[in-house]
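# A closer look at the structure
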Amino acid sequence: MGSHSSFGAFLDPVADKLMVATTLVLLSTQPLQASWASSLPWLIPLPSVAIIGREITMSAVREWAASQSGDILSAVAVNKLGKWKTASQMVALTILLATRSSCEGSSWYMLIVLGVSLLYISAGLALLSLAVYMKGIWGSFVK
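Residues numbered from 1 in each chain as written. Predicted model: local features only at pLDDT ≥ 70, side-chain atom pairs only at ≥ 80, totals over all residues. Heavy atoms only, no water.

Here we come to the environment of leucine 96. As for its placement among the helices and strands, leucine 96 is situated in helix H4 (residues 80-98). Residues leucine 96 and valine 113, 17 residues apart in the sequence, show an inter-C-alpha distance of 9.3 Å. (Helix = DSSP H or I, 4+ residues; strand = E, 2+ residues; numbered from the N terminus.)

For the rest of this paragraph, the subject is the pattern of salt bridges. Oppositely charged side chains can pair when the atoms bearing their charge come close. One pass over the full model with this rule turns up 3 salt bridges. Among the salt bridges present, the one from arginine 54 reaches glutamate 55, with a minimum N-O distance of 3.2 Å. A relative accessible area of 11% places glutamate 55 in the buried class. Note that lysine 85 is salt-bridged to glutamate 55, the shortest N-O span being 2.6 Å. Taken together, the residues span a long stretch of sequence, with lysine 85 in helix H4 and glutamate 55 in helix H2 (residues 45-66) at a distance of 30 residues. Grouping residues by exposure puts lysine 85 and glutamate 55 together as buried. Three or more residues joined by partner-sharing salt bridges are found here, namely Lys17, Arg54, Glu55 and Lys85. (Salt bridge = Lys/Arg side-chain N within 4 Å of Asp/Glu carboxyl O. Buried < 20%, exposed > 50% of the residue type's maximum accessible area, 1.4 Å probe, protein only.)

And the structure:
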């Protein structure tokens, strides 16, 4: 509809983070039903903690940067690494949610492996992008 508001600009990323964090927590509360994953209860919680931790840290850093000079604010602007993280994360969550109830058979096996792999890739990208952001502001951060 082409409408914009300051409140919407503030709320949009918060809503996205809340939906992702909720999905990760819910996926982490019940181990995958696939027989090969039953002995790996940490399979989903491990990347989930990395992703949620990164989001909380980046929210705090961006809030701090907003109160600082323009150079710092530009150092924490969204970049392509974050976009790739978000894309792989959304595909991973979609696959993991879609395969949640019925995950027996070889086709389900491959989808679950793909979903878990993409979740780990997105966690790696999350940590890498956090390191890039922190490197960009570290000098100002320790003053």
